Amino acid sequence: MIICQNLIKEFGTADNIFRAVNDVSFRIEKGEFAALIGASGSGKSTLMNMIGLIDMPTKGSILLDGEETSPMSEKQRAALRWGKIGYVFQSFYLEEAYTVSQNIEMALLISGTEAPERKKRIDECLEQVGLLHKKEALASSLSGGEKQRCCIARAIANRPKLLLADEPCGNLDSENTEKIMELLTQLNRQGTTVLLITHDLEDAKRASHIITLKDGSVISDEK
Ligand SMILES: Nc1ncnc2c1ncn2[C@@H]1O[C@H](COP(=O)(O)OP(=O)(O)OP(=O)(O)O)[C@@H](O)[C@H]1O
Ligand SMILES: [Mg+2]
């Protein structure tokens, strides 16, 4: 599902270059539940942003579901992103002034889903995350755990093959963490390939494949 080959991501200008991702290669098969772990600043989000086609690598290649992404135009990248990938951001990025339903509808509008199907999908994904009762609530009124579940609902609304989740339990208590981890496990059982970033080793143990980053490099890759 994901093949990263010699990925490099550098930030800064010529006289002050910082290499956040340093020659990273790994593969994640279809149907896997994989976890990406490593200390703060080790490059996890930078790497996931490249896999999620939000950011471009400085060098190296990423194959997603058999397709080489580096030669793609921005339009092709966007089509692949909306067609196959669900992304749960480290910071929620919800439209606070919109309702839960409207936040999810935006993702469905961008993917070109027709109105009747949008209605069905909104209910379907909210049901899956246990948030159907908050459908008409403003995003700003949700608790932290509810916001995170709303983000997951938005990420799965387009029924992605690949779900990328960047610290989805980062700010949650143990009860909400358990709910989210159970949800990711369930989505994985239903066939979604999941890549989870976490700093919690207990959460990482749910994964069947653990990749550890240190200072931008893979220091272990274990199945
Ligand atoms: N746009 C940017 N410009 C400059 N440096 C950046 C940029 N994005 C990330 N970095 C740097 O790259 C390094 C890796 O950042 P990244 O966000 O990938 O870490 P992380 O492993 O996700 O950390 P955390 O666990 O705290 O979320 C950090 O030192 C960060 O400061
Ligand atoms: Mg991060």
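See the structure above.
Residues numbered from 1 in each chain as written. Chains lettered and ligands numbered in written order. Predicted model: local features only at pLDDT ≥ 70, side-chain atom pairs only at ≥ 80, totals over all residues. Heavy atoms only, no water.

Enquirer: So, the overall build of the chain: which residues are in play, and what are the values?
Expert: Looking only at helices and strands, one finds seven helices and ten strands in the chain. Sorting the 223 residues of the chain into buried and exposed places 49% on the buried side. Taking contacts inside the chain between residues at least 6 apart in sequence as the whole, the part at least 24 apart equals 69%. On the chain, roughly 10700 Å² of surface is accessible, and the fraction owed to carbon and sulfur atoms is 50%. Of note, the chain has its 27 positive side-chain charges centred 4 Å away from the centre of its 32 negative side-chain charges. (Helix = DSSP H or I, 4+ residues; strand = E, 2+ residues; numbered from the N terminus. Buried < 20%, exposed > 50% of the residue type's maximum accessible area, 1.4 Å probe, protein only. Contact = heavy atoms within 4.5 Å. Areas by Shrake-Rupley, 256 points an atom, 1.4 Å probe, with all protein chains shown as cover. Lys, Arg positive; Asp, Glu negative; His and termini not counted. Charge placed at Lys NZ, Arg CZ, Asp CG, Glu CD.)

Enquirer: So what's going on with the packing of helix H5 (residues 144–156) against helix H6 (residues 174–189)? Residues and values would help.
Expert: Running from amino to carboxyl end, H5 crosses H6 at an angle of 15 degrees, the nearest separation of the two axes being 10 Å. Judged by the angle between their axes, H5 and H6 are roughly parallel. Taken as a pair, H5 and H6 cross one another with a handedness that is right-handed. Side by side, H5 and H6 meet where Gly145, Gln148, Arg149, Ile152 and Ile156 of the first sit next to Asn176, Lys179, Ile180, Leu183 and Leu187 of the second. Residue composition of the contact of H5 with H6, by class: five nonpolar, three polar and two charged. (Axes fitted to C-alpha atoms, helices over the stretch in contact; angles between N-to-C directions. Parallel < 35°, antiparallel > 145°, perpendicular 65-115°, else oblique. Left-handed = near helix turned anticlockwise from the far one by under 90°. Nonpolar A, V, L, I, M, F, W, Y, C, P; charged D, E, K, R; others polar.)

Enquirer: Outline the packing of aromatic side chains, listing residues and values.
Expert: Evaluation of the coordinates by the stated rule reveals two aromatic pairs. Aromatic pair Phe89 and Tyr93: ring centres 5.1 Å apart, planes at 90 degrees, arrangement edge-to-face. Judged by relative accessible area, Tyr93 falls into the exposed class, the value being 58%. Aromatic rings pair up to connect Tyr87, Phe89 and Tyr93 into one cluster. (Phe/Tyr/Trp six-rings, centres within 6.5 Å; stacked < 30°, edge-to-face > 60°.)

Enquirer: With reference to specific residues and values, describe the sheet that holds strand S2 (residues 16–28).
Expert: Strands pair in a sheet through their backbones, by hydrogen bonds, and they do so in one of two ways: parallel or antiparallel. Pairing within the open sheet is antiparallel, and its four strands lie in the order S2-S1-S4-S5. The open sheet is flanked by S2 and strand S5 (67–68), the only strands paired with a single partner. Where strand S1 (residues 2–13) lies against strand S4 (residues 59–64), five bridges are found, and the strand directions are antiparallel. Bridged to Ile8 within S4 is Lys59. (Pairing = 2+ DSSP bridges.)

Enquirer: I'd like a description of helix H3 (residues 100–110), backed by residues and values.
Expert: Those residues of H3 that fall on the buried side of the exposure criterion are Val100, Ser101, Asn103, Ile104, Ala107 and Leu108. For H3, the buried positions fall inside an angular range of 165 degrees around the axis, keeping them on one side. For H3, the elements touching its buried residues are helix H2 (74–84), helix H4 (115–129) and H5. Downstream of H3 by one or two residues, Gly112 has phi in the positive range, about 80 degrees. (Arc of directions from axis to C-beta.)

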